Amino acid sequence: MSGLELLALISAVVLLGVTAMRWRSTSSGTEERVLCLLGVGGLLLYAFGVFAHLPNPEAVLENVASALGEWTYLFVGVLAFLETGAFVGLVAPGEAAVVVGGVVAGQGVIDIRLLIGIVWFAAFMGDSVSFYFGRRLGREFMVKHGARVKITEERLGQVERYMHEHGGKTILIGRFIGLVRALAPFIAGSSKMPYRRFMPYDIIGSGLWATFFCLLGYVFSNNIDAVAAVIVAIVYLIRRFRKPEERAKLVAWLDEQEEHPRRARLIKPMRGFFTRVALPVYRFFGPQLEFAWARLTPGN
């Protein structure tokens, strides 16, 4: 057993003991217990060398890159267009194809800048085609034929209410939410939204979407361990600071740091940025972010 495997075994025993104590005290919820048990299981599998027989992720990525080659541009571009232009996003998430494109670019086979440009243009054109269909065919067409692509009256009404409440923000932020992304352009057209109002939001939204998921694959292909660590850290911070008492402790700690002249030089600009920029942006896009979060977490 290697040093890392021994460390994993010790960590599994410690985590199991902590889980057992919290389980008996009933201070942990079901979701936390399940995650802890999954963590214990993963550590034990690693400790006993089960993962050693799995294929090397970097070798798998290199094989994918060499198999697709420069055809990646066409493959990813077509799927990015079809996702909203033909409602493919309701049955097959287009982000997966875009991330794969970023992975191929990360292996040096294609140019990441050209890939982002192609995905951006294809996504915008797909949205525009869907908008045109909505304008020409109307809501009745979607109700009558939507079942073929898993569009029910309930799902359609859900996005319509969302569009009515938030308007252009739905086009922008909805790009990152599967159901909204697939239906919003069509509904914008069928609701008679002017194209000149739709277009700026969609250009920005599709550009952000293309850049984010292309770069996600690009970074992942070169920094698998770092990406995994960042994801774990983000999940931990979200789970911890969504509790009011933890946020209060953080505020108290920051207040204490501002009393030290040297530390205040760093803390004050950070708090100023959060108060004047980050917090207003969150409040503006809060409903959309909460909508997305509810669909990315267990139980919702």
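Right, let's walk through the structure included here. (Residues numbered from 1 in each chain as written. Predicted model: local features only at pLDDT ≥ 70, side-chain atom pairs only at ≥ 80, totals over all residues. Heavy atoms only, no water.)

The next thing to look at is the overall build of the protein chain. Counting its regular elements, the protein chain contains 13 helices and 0 strands. Going from N to C terminus, the protein chain has its helices and strands arranged as α-α-α-α-α-α-α-α-α-α-α-α-α. By residue count, 36% of the 300 residues in the protein chain fall in the buried class. Once local pairs closer than 6 in sequence are excluded, the contacts in the protein chain between residues at least 24 apart make up 75%. (Helix = DSSP H or I, 4+ residues; strand = E, 2+ residues; numbered from the N terminus. Buried < 20%, exposed > 50% of the residue type's maximum accessible area, 1.4 Å probe, protein only. Contact = heavy atoms within 4.5 Å.)

To find leftover empty space, one rolls a probe the size of a water molecule over the atoms. This model, assessed by the stated rule, comprises 2 cavities of 30 Å³ or more. Here the second largest cavity is characterised by a volume of approximately 30 Å³. Around the second largest cavity sit Asp 127, Ile 171, Gly 174, Arg 175, Val 180, Arg 181, Ala 184, Pro 185 and Asp 202, which together line it. With 4 residues, the top contributor of residues to the lining of the second largest cavity is helix H9 (residues 178–190). (1 Å grid on protein atoms, 1.4 Å probe; cavity = no way out; pocket = protein on both sides within 12 Å on 5 of 7 lines; lining within 4 Å. Points joined across faces, edges and corners; volume = space filled by probe spheres on them.)

Side chains that carry opposite charge are capable of pairing whenever their charged atoms lie near each other. Applying the stated criterion across every chain yields a total of 3 salt bridges. A salt bridge links Arg 175 to Asp 127, with the nearest nitrogen and oxygen atoms 2.9 Å apart. One end of the pair, Arg 175, is in the loop between helix H8 (168–173) and H9; the other, Asp 127, is in helix H6 (residues 112–145), and 48 residues separate them in sequence. Each member of the pair, Arg 175 as well as Asp 127, is classed as buried. Bridged by salt links that share partners, the residues Glu 83, Asp 127 and Arg 175 form one connected network. (Salt bridge = Lys/Arg side-chain N within 4 Å of Asp/Glu carboxyl O.)

Take the packing of helix H4 (residues 71–85) against helix H5 (residues 94–106) next. Packing of H4 against H5 leaves a shortest axis separation of 9 Å and a crossing angle of 160 degrees. As the angle between them shows, H4 and H5 are arranged roughly antiparallel. The element H4 and its partner H5 pack so that their crossing is left-handed. When H4 is examined against H5, the residues Thr 72, Phe 75, Val 76, Leu 79 and Glu 83 are found in contact with a partner set consisting of Gly 94, Glu 95, Ala 97, Val 98, Gly 101 and Val 104. Its residues placed into classes, the contact of H4 with H5 shows 6 nonpolar, 3 polar and 2 charged. (Axes fitted to C-alpha atoms, helices over the stretch in contact; angles between N-to-C directions. Parallel < 35°, antiparallel > 145°, perpendicular 65-115°, else oblique. Left-handed = near helix turned anticlockwise from the far one by under 90°. Nonpolar A, V, L, I, M, F, W, Y, C, P; charged D, E, K, R; others polar.)

Quick look at the packing of aromatic side chains now. To describe a pair of aromatic rings, you give the distance between the ring centres and the angle between the ring planes. Within this structure, the stated rule accounts for 8 aromatic pairs. Each ring, one from Phe 212 and one from Phe 213, has its centre 5.0 Å from the other, and the planes form 90 degrees; the classification is edge-to-face. For Phe 213, a relative accessible area of 12% translates into the label buried. Pairwise contacts between aromatic rings join Phe 176, Trp 209, Phe 212 and Phe 213 into one cluster. Taking the ring centre of Trp 209 as reference, the NZ or CZ of Arg 175 above it sits at 4.4 Å. (Phe/Tyr/Trp six-rings, centres within 6.5 Å; stacked < 30°, edge-to-face > 60°. Lys NZ or Arg CZ within 6 Å of the ring centre and 35° of its normal.)

Another aspect to go through is helix H12 (residues 244–257). The terminal C-alpha atoms of H12 lie 20 Å apart, and with 14 residues this matches the ideal 20 Å at 1.5 Å per residue to within 8%. Restricting attention to buried positions, one finds in H12 the residues Glu 246, Leu 254 and Gln 257. One side of H12 holds all its buried residues, which, seen down the axis, span an arc of 80 degrees. (Expected span 1.5 Å × (residues − 1). Arc of directions from axis to C-beta.)

Between its first and last C-alpha, helix H10 (residues 195–222) extends 40 Å over 28 residues, near the 40 Å set by a 1.5 Å rise per residue. Three or more residues of H10 are buried, namely Phe 198, Asp 202, Gly 205, Ser 206, Gly 207, Trp 209, Ala 210, Phe 213, Cys 214, Gly 217 and Ser 221.

Okay, the packing of H5 against H10 next. Between H5 and H10, the shortest axis-to-axis distance is 7 Å and the interhelical angle comes to 50 degrees. The angle between H5 and H10 falls in the class oblique. Here H5 runs over H10; the crossing is right-handed. For the pair formed by H5 and H10, the contact residues are Gly 94, Glu 95, Val 98, Val 99, Gly 102, Val 103, Ala 105 and Gly 106 on the first element and Trp 209, Ala 210, Phe 213, Cys 214, Leu 216, Gly 217, Tyr 218, Phe 220, Ser 221 and Asn 222 on the second. Class assignment of the residues belonging to the contact of H5 with H10 gives a composition of 11 nonpolar, 6 polar and 1 charged.

For the rest of this paragraph, the subject is the side chain of Asp 127. When its relative accessible area of 2% is taken as the criterion, Asp 127 is described as buried. Those residues in contact with Asp 127 that lie beyond four places of it in its chain are Thr 84, Arg 175, Pro 185, Phe 198 and Asp 202.

A few words now on the environment of Leu 115. Of note, Leu 115 is situated in helix H6. Separated by 10 residues in sequence, Leu 115 and Ala 105 place their C-alpha atoms 7.9 Å apart. If near-sequence neighbours (up to four positions away) are discounted, Leu 115 is found in contact with Tyr 73, Val 76, Gly 101, Gly 102, Ala 105, Ile 110 and Cys 214.

Here we take up a nonpolar patch on the surface. On the surface, a nonpolar cluster with roughly 460 Å² of combined accessible area is contributed by Leu 6, Ile 10, Val 14, Val 18 and Met 21. Counting through the fold element by element, Val 14 comes out in helix H1 (residues 3–25). (Patch = residues over 30% accessible without salt bridge, like charges linked within 9 Å, V, L, I, M, F, W, Y side chains within 5 Å. Areas by Shrake-Rupley, 256 points an atom, 1.4 Å probe, with all protein chains shown as cover.)

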